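Geometric and topological summary
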Amino acid sequence: MSQELSKGNQNPFYNLFIWAVLTNNFELSKLFLKHSNESSIAACLFASAVLTKCASEAVNQGQAKIQQSAEAYKQLSIDLLQQCYSSDPEKTHDILCMVRPEWGNTSCMFVAARSENKLFIADQACQDLITKVWEGKYPREDSKFTLATCSNSQRPDACNGTIDDSCL
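Heads up: these notes are all about the structure in this document. What you are looking at is a predicted structure, and each value in this text was computed from that prediction instead of being measured.

The next thing to look at is the overall build of the chain. Broken down by element type, the chain carries 10 helices and two strands. Counting from the amino terminus, helix and strand elements in the chain follow one another as α-α-α-α-α-α-β-β-α-α-α-α. For the chain, the residues scored as buried account for 46% of the 168 residues in total. Sequence-distant contacts, at least 24 apart, represent 69% of the contacts inside the chain between residues at least 6 apart. In the structure as shown, the chain presents an accessible area of about 9,000 Å², 54% of it carried by carbon and sulfur atoms.

Listed in full, the buried residues belonging to helix α3 (residues 26-36) are Phe-26, Ser-29, Phe-32, Leu-33 and Ser-36. Angularly, the buried residues of α3 cover 125° about the axis, an arc narrow enough to put them on a single face. Turned more than 90 degrees off the buried face of α3, the exposed positions are Glu-27 and Lys-34. The inward-facing, buried residues of α3 contact α2 (12-22), α4 (40-57) and α5 (62-87). Taken from the residues just after α3, Asn-37 is the one with a positive phi, measuring 60°.

Quick look at the environment of Ile-18 now. Structurally, the position occupied by Ile-18 is in helix α2. Sequence-distant contacts of Ile-18, that is, excluding residues within four places in its chain, are made with Phe-46 and Trp-103.

Parameters at a glance
Residues numbered from 1 in each chain as written. Predicted model: local features only at pLDDT ≥ 70, side-chain atom pairs only at ≥ 80, totals over all residues. Heavy atoms only, no water. Helix = DSSP H or I, 4+ residues; strand = E, 2+ residues; numbered from the N terminus. Buried < 20%, exposed > 50% of the residue type's maximum accessible area, 1.4 Å probe, protein only. Contact = heavy atoms within 4.5 Å. Areas by Shrake-Rupley, 256 points an atom, 1.4 Å probe, with all protein chains shown as cover. Arc of directions from axis to C-beta.

Quick look at the structure:
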């Protein structure tokens, strides 16, 4: 069994969060997330990406409800990012690049860029981070990874990031 799966299995609220997202139970998933001790921003980005994909493949009246939940998670991820950034911009920048083992060894930046979460990417916290990386003012080992996630963007500041619960 992989290390990621065994970690997830040790946290029932994490597993219940994923279950609630997959069954499109927004209120219940927020409750499980609150108790899971996982990164709220990463979880919201994950949920938004999964639900957006599900909505694009759904047929019938369920599609609108799935899309509504996906949009709610997108907005929640932005709200949490802004809350963290307003309290500590430097820490937020570090968190934006943090690789999260519980979410497949990816960062929130990667998840948002991969899922084309443009609202998250456009947030000031993400824009400021990309500007710092682009100008060489963000000396982290993985800053090249940060820019690599923006490879589909036309502008170097059109990328995005990750956040940590310790800001919340």
